[in-house]
2 protein chains.
Amino acid sequence: MERSDVRTKAMAARSAIRTLAGVEEEEKNAALEAVADALMDGREEILRENGKDLAAGEAAGISRALMDRLTLSEERLAEMAEGLRQLCRLPDPVGEVLELRELDNGLRIEKVRVPLGVIGMIYEARPNVTVDAAGLALKTGNAIVLRGSSSAFHSNRALTGVIRGALAETSLPPEAVQLVEDLDREAVRELMTANGLIDVIIPRGGAGLIQRVVQSSTVPVLETGVGNCHLYVDRAADPDMAREIVINAKTDRPAVCNAAETLLVHREWAESHLSGLCEDLKRYGVEIRGCATTRQRLPEIRLATMEDWDTEFLDLVLAVKVVDSLEEALTHIDKHGTHHSEAIITEDAAAARSFFTGVDAAAVYHNASTRFTDGGQFGFGAEIGISTQKLHARGPMGLKEMTSYQYRIHGNGQVRV
Amino acid sequence: MERSDVRTKAMAARSAIRTLAGVEEEEKNAALEAVADALMDGREEILRENGKDLAAGEAAGISRALMDRLTLSEERLAEMAEGLRQLCRLPDPVGEVLELRELDNGLRIEKVRVPLGVIGMIYEARPNVTVDAAGLALKTGNAIVLRGSSSAFHSNRALTGVIRGALAETSLPPEAVQLVEDLDREAVRELMTANGLIDVIIPRGGAGLIQRVVQSSTVPVLETGVGNCHLYVDRAADPDMAREIVINAKTDRPAVCNAAETLLVHREWAESHLSGLCEDLKRYGVEIRGCATTRQRLPEIRLATMEDWDTEFLDLVLAVKVVDSLEEALTHIDKHGTHHSEAIITEDAAAARSFFTGVDAAAVYHNASTRFTDGGQFGFGAEIGISTQKLHARGPMGLKEMTSYQYRIHGNGQVRV
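Residues numbered from 1 in each chain as written. Chains lettered and ligands numbered in written order. Predicted model: local features only at pLDDT ≥ 70, side-chain atom pairs only at ≥ 80, totals over all residues. Heavy atoms only, no water.

## Points about the pattern of salt bridges
When charged atoms on two side chains of opposite charge get close, those side chains can pair.
Inference 1: Evaluation of the coordinates by the stated rule reveals 66 salt bridges over all chains.
Inference 2: The partner of E74 of chain A in a salt bridge is R43 of chain A, with the nearest N and O atoms 3.3 Å apart. Taken together, the residues E74 of chain A in helix α5 (residues 74-89) and R43 of chain A in helix α3 (residues 43-60) connect sequence positions 31 residues apart.
Inference 3: Judged by its relative accessible area of 44%, E74 of chain A is partly exposed.
Inference 4: What makes R43 of chain A partly exposed here is its relative accessible area of 30%.
Inference 5: Its salt-bridge partner being R283 of chain B, residue D280 of chain B comes within 2.4 Å of it at the nearest N-O pair. Taken as a pair, D280 of chain B and R283 of chain B lie in helix α11 (residues 267-283) at a separation of three residues, close to a single helical turn.
Inference 6: A residue is classified by how much of its surface remains accessible, and D280 of chain B, at 11% relative accessible area, is buried.
Inference 7: On the basis of relative accessible area, R283 of chain B is assigned to the exposed category, the value being 63%.
Inference 8: Three or more residues joined by partner-sharing salt bridges are found here, namely R14 and D199 of chain A together with D360, K390 and R394 of chain B. (Salt bridge = Lys/Arg side-chain N within 4 Å of Asp/Glu carboxyl O. Helix = DSSP H or I, 4+ residues; strand = E, 2+ residues; numbered from the N terminus. Buried < 20%, exposed > 50% of the residue type's maximum accessible area, 1.4 Å probe, protein only.)

If you want it as structure tokens, here you go:
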């Protein structure tokens, strides 16, 4: 029987993990440096291949935003190479002894950090994910099977070609980085159900892609990304601080997952400050969709629909709701939140504590903008995505989050009696 | 629209988690003590209900082993109560600050251990799992939705009734413990796909049940249990130590997941010692199924089939294969292992190191029996199961493994610039 592209590549990746598990940090760093150099040396070919994707995108009439994300340039390649060099400077988490216990019978149990194994990465558009993900995988001793979108096919193929070519000159096996070239949807399904070959699937992209993966994958998934983030301005919020945080969380970069989408305002605070805040937001170009109470103050705004409370606008749109209590805010977040990032603005420490324990999200903020939920901001140095699930990793996932652990038990003949 | 039993109960469990997240360790311990007392006070009713299951099992002609696992007694109830009291003496992991970092901008980021939320537990036969799992969930601030097998229906209903009755007199919400009473298979499917209501599914039972859950669940799964464990007797193994470990790992308790199923023996060691070892095993009643080389020495044994290498016998049967090298042993384990527990017996430290990095399993042993892979033996005090996957938790899962974490970020007005 002929093997499919996905199975062939998953098996090739798997064949690399025993070698990868044994390589030293210096070897991994040398390999990353080699890949960084190769990206710069191969820039002409990469940009030529990228040009094919851009031409096809142009012909297919894809959006300006998508075209921008698809575009590579010498500068962007240099950034990708620099990202790899930064990875070299981060400590290698693999091999770290997380716990050590000695039992009465003399058994010594070490809990040691090990690679996850083979990562399956399913992602959209941006070709830089190809390099970032491969770099993070290699630094943590993982093999990776990449499945990018068809719109970036030539770019991804050129990039993985350069990566594998560079690895061939190092002590790391080039098989560790695989690109699925079968563009049929069936190939994605096959990757998500390759239990035994793939250890974890990481989806990166829009809400639709992530939901499809969560619904169909039998391989464990690290769910990333969707952020319907709330700001709750408490009764005891400082008005200037609230204003600054709301404007920053909504307008600094509205298209990213840690931007705020809904503003909840305590009724008492709203009485004195909501109209002013909304005026300020409008000056920043924000469209407000309000609850009935908000509209009583600002009749010109649109009434928020039920759907608006569940929407990650990723745009200069903000849903605004007046609530009677912290409790009502918590209930709203429980119902509409996506477990990403939520913030309370208040001078009342007890209210902040209740918010921390009452909100089921990866990152909960007191008196700060939700925009800080990011591996770079958190000091992780690198990030593969932001997890919104509760198993394994939550919030920004850096190098440590790309590892598992193993118990290593050292004995001298112990048997169980 | 009428809500199904599963959705109603999952929503009820979910309604409890905000309360649970805020309770103190003392309150949780008091509740566990109350449940332990209630189990003893309610023993007559519990045993009467258990009698119904036993009578039905008898009538259906279920196996002796299954009948034994189904049977409750005053003694077994006392053990379950004592298990709950032991939980009280274990430290509460919730609230532990795992990391603390202060950024240059003054943000203080705490990484705090929090409950997982709502656990869905799908399990077979033994009614004691009902109490054990509820106890572990409550101690870690989780709510739990239980779906036991139909054969233990009356027992499980009586036990959860007693647990909920006891909780009603404490500060913990009785809604935290739910039993799905709908015995249709569809109810299991519904539980496994209740994303947003259930945070994690834990299956406990045979390989068939676990595979069904892994294949069908869209909620993240903690895969537990199947152990096709190998012992590799290296060229440099001490003969007496090898003999003791092999006999212990195979015969101490063959029906459990950490028992050995396949013995791999280096050719050189086999030449002097394999015949003697097999004679010893036969005296312990072990049936040996050997590779062709093994049969050259012991012509009377059965030839192992391809299937045997993949079988968790859970019985006094051992597959035996002679290998030419450590490398061949690693390749065999890679192909047939279930990532549970694997052991090498050798006096050669370098071989042991290669085995540790080369084997992809939760627990890897050097010169000790695989039988130690167990929460109790590892000193965890309690165990919900043994994970054979690599995300979240690996190996024995105790209280810590029933938690997630949350980033709590304390600011004084920080915005991202």
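## Re the confidence of the model for chain A
Inference 1: Scored by pLDDT, chain A has a mean of 95; 100% of the residues are at 70 or more.
Inference 2: Overall fold confidence (pTM) sits at 0.92, and the ipTM for the predicted complex is 0.93. (pLDDT = per-residue confidence, 0-100.)

## Observations concerning the packing of aromatic side chains
Inference 1: What the rule picks out here adds up to 10 aromatic pairs over all chains.
Inference 2: Taking the centre distance of 5.6 Å and the plane angle of 80° together, the rings of Y405 of chain A and Y407 of chain A count as edge-to-face. Accessibility assignment for this pair places Y405 of chain A and Y407 of chain A in one class, buried.
Inference 3: Residues F378 of chain B and F380 of chain B carry aromatic rings whose centres are separated by 6.0 Å and whose planes lie at 90° to one another, so their mutual orientation is edge-to-face.
Inference 4: Accessibility expressed as a relative area gives 0% for F378 of chain B, which makes it buried.
Inference 5: Residue class for F380 of chain B comes out buried when judged on its relative accessible area of 13%. (Phe/Tyr/Trp six-rings, centres within 6.5 Å; stacked < 30°, edge-to-face > 60°.)

## Considering the sheet that holds strand β1 (residues 97-102) of chain A
Inference 1: The strand order across the open sheet built from 10 strands is β1(A)-β2(A)-β16(A)-β13(B)-β12(B)-β7(B)-β8(B)-β11(B)-β9(B)-β10(B), with neighbouring strands paired in mixed fashion. Strands at the two margins of the open sheet, each flanked by one partner only, are β1 of chain A together with β10 (302-303) of chain B.
Inference 2: In terms of strand pairing, strand β7 (residues 229-233) of chain B meets strand β8 (residues 260-266) of chain B through five bridges, oriented parallel. Within β8 of chain B, the position partnered with V233 of chain B by the bridge is V265 of chain B.
Inference 3: Across the sheet, helix α10 (residues 239-251) of chain B is in contact with β16 (403-414) of chain A together with β7, β8, β11 (317-323), β12 (341-345) and β13 (363-368) of chain B; its angle to β7 of chain B comes to roughly 170°. (Pairing = 2+ DSSP bridges. Contact = heavy atoms within 4.5 Å. Axes fitted to C-alpha atoms, helices over the stretch in contact; angles between N-to-C directions.)

## Digging into empty space enclosed by the protein
Inference 1: If you walk through the whole model with that rule in mind, you get six cavities of 30 Å³ or more.
Inference 2: Of the volumes computed, that of the largest cavity is approximately 250 Å³.
Inference 3: Lining the largest cavity are 19 residues, with V219, P220 and V221 of chain A together with P220 and V221 of chain B positioned closest to its centre.
Inference 4: Looking at side-chain class alone, the lining of the largest cavity contains 10 nonpolar, seven polar and two charged residues. (1 Å grid on protein atoms, 1.4 Å probe; cavity = no way out; pocket = protein on both sides within 12 Å on 5 of 7 lines; lining within 4 Å. Points joined across faces, edges and corners; volume = space filled by probe spheres on them. Nonpolar A, V, L, I, M, F, W, Y, C, P; charged D, E, K, R; others polar.)

## Let's talk about the relation of the copies chain A and chain B
Inference 1: Take chain A, turn it by 180°, move it 0.0 Å along the axis, and it overlays chain B with an RMSD of 0.0 Å. One copy is carried onto the other by what is essentially a two-fold rotation axis. For chain A, the minimum C-alpha distance to the rotation axis belongs to H392 of chain A and amounts to 1.7 Å.
Inference 2: By residue overlap, the copies meet face to face through one surface: 100% of the interface positions of chain A are interface positions in chain B. (Least-squares fit on C-alpha atoms with pLDDT ≥ 70 in both.)

## Some details on the nonpolar core
Inference 1: One finds M121, I198, V233 and L263 of chain B to be the most contacted residues of the largest nonpolar core, which totals 120 residues.
Inference 2: Excluding its chain neighbours within four sequence positions, the residues that come into contact with V233 of chain B are A242, V246, L263, L264, V265, H266, W269 and I345 of chain B.
Inference 3: Ranked by size, the runner-up nonpolar core spans 119 residues in total, among them L136, A176, A194 and M397 of chain A. (Core = buried A, V, L, I, M, F, W, Y, C linked by side-chain atoms within 4.5 Å.)

## Notes on the side chain of H340 of chain A
Inference 1: By secondary structure assignment, the location of H340 of chain A is in the loop between α13 (326-336) and β12 (341-345).
Inference 2: Residue contacts for H340 of chain A: discarding those within four places in its chain leaves G225, V226, G227, C229, C257, N258, A361, A362, A363, T373, I386 and T388 of chain A.

## Some thoughts on the UniProt feature "domain: Aldehyde dehydrogenase" (unreviewed entry) in chain A
Inference 1: Here, the residues flagged by UniProt with the feature "domain: Aldehyde dehydrogenase" (unreviewed entry) are residues 3-284 of chain A.
Inference 2: Annotated as residues 3-284 of chain A, this span is 54% helix and 16% strand, and its ends, taken at the C-alpha atoms, are 55 Å apart. (UniProt positions renumbered as here; feature names shortened; annotations may be inferred.)

## Examining the packing of helix α6 (residues 128-139) of chain A against helix α7 (residues 153-167) of chain A
Residue and element names in this part refer to chain A.
Inference 1: At a minimum axis distance of 10 Å, the contact between α6 and α7 shows a crossing angle of 30°. In this view, α6 runs roughly parallel relative to α7, as classed from their interaxial angle. Taken as a pair, α6 and α7 cross one another with a handedness that is right-handed. Residues T130, V131, A134 and L138 of α6 touch α7, and the partners they reach there are N156, L159, T160, I163 and L167.
Inference 2: Residue composition of the contact of α6 with α7, grouped by class: six nonpolar, three polar and no charged. (Parallel < 35°, antiparallel > 145°, perpendicular 65-115°, else oblique. Left-handed = near helix turned anticlockwise from the far one by under 90°.)

## Quick notes on the state of the cysteines
Put plainly, a disulfide is one covalent bond tying together the sulfur atoms of two cysteines.
Inference 1: Across all of its chains, the model carries zero disulfides over all chains by this definition.
Inference 2: Of all cysteine sulfurs, the one in C229 of chain A lies closest to C257 of chain A, which takes part in no disulfide; the gap is 6.9 Å. (Disulfide = S-S within 2.5 Å.)

## Notes on the interface of chain A and chain B
Inference 1: Every contact between the two is made by 77 residues of chain A and, on the other side, 78 residues of chain B.
Inference 2: A buried area of about 6400 Å², summed over both sides, lies between chain A and chain B, and 50% of it is on carbon and sulfur atoms.
Inference 3: Three residues, R18, L391 and R416 of chain A, lead the burial of chain A against chain B; their summed loss comes to 15% of the area buried on that side.
Inference 4: One can count 10 salt bridges joining chain A with chain B.
Inference 5: Residues D360 of chain B and R14 of chain A are paired through a salt bridge, measuring 3.2 Å at the closest nitrogen-oxygen approach.
Inference 6: Applying the counting criterion to the chain A and chain B interface returns 43 residue pairs in polar contact (both at pLDDT 80 or more).
Inference 7: A per-element tally of the side of chain A that touches chain B places β16 of chain A first, with 11 residues. (Buried area = accessible area lost by both parts, 1.4 Å probe. Polar contact = N/O pair within 3.5 Å; in protein donor to acceptor, adjacent residues only side chain to side chain.)

## Side note on unusual backbone geometry
When glycine is set aside, most residues are seen to have a negative phi, and most peptide bonds are trans.
All names here are of chain B.
Inference 1: Residues other than glycine seldom take positive phi values, yet L314 does so here, at roughly 55°.
Inference 2: Within the secondary structure layout, L314 lies in the loop between β10 and β11.
Inference 3: Within the chain, H339 stands out as a residue other than glycine whose phi angle is a positive 65°.
Inference 4: You can call H339 partly exposed: its relative accessible area is 25%.

## Focus on helix α1 (residues 5-22) of chain B
All names here are of chain B.
Inference 1: With 18 residues, α1 extends 27 Å from end C-alpha to end C-alpha; this agrees with the ideal 26 Å at 1.5 Å per step.
Inference 2: At A16, α1 shows its largest kink, close to 30°.
Inference 3: Taken together, the buried positions of α1 are V6, K9, A10, A13, R14, A16, I17 and L20.
Inference 4: Looking at the buried side of α1, the elements it contacts are β3 (118-123), β4 (143-147), β5 (177-179) and α8 (185-192). (Expected span 1.5 Å × (residues − 1). Bend = angle between axes of the 7 residues up to and from the residue.)

## Brief notes about a negative patch on the surface
Inference 1: Among the surface-exposed residues, D238, D240, E244 and E347 of chain A lie close enough to one another that they form a single negatively charged patch.
Inference 2: In this structure, E347 of chain A sits in the loop between β12 and α14 (349-358). (Patch = residues over 30% accessible without salt bridge, like charges linked within 9 Å, V, L, I, M, F, W, Y side chains within 5 Å. Areas by Shrake-Rupley, 256 points an atom, 1.4 Å probe, with all protein chains shown as cover. Lys, Arg positive; Asp, Glu negative; His and termini not counted. Charge placed at Lys NZ, Arg CZ, Asp CG, Glu CD.)

## Quick word on the pairing of strand β2 (residues 108-115) of chain A
Residue and element names in this part refer to chain A.
Inference 1: The buried fraction of β2 is high, at seven of eight residues.
Inference 2: With five bridges connecting them, β1 and β2 associate as antiparallel partners. Bridging from a neighbouring strand, L100 pairs with E110 of β2.
Inference 3: Linking β1 back to β2 in an antiparallel pair, the connection comprises five residues, with G106 at a positive phi of about 95°.
Inference 4: For β2 and β16, the ladder comprises eight bridges, and the chain directions are antiparallel. Bridge pairing in β16 places P115 opposite T403.

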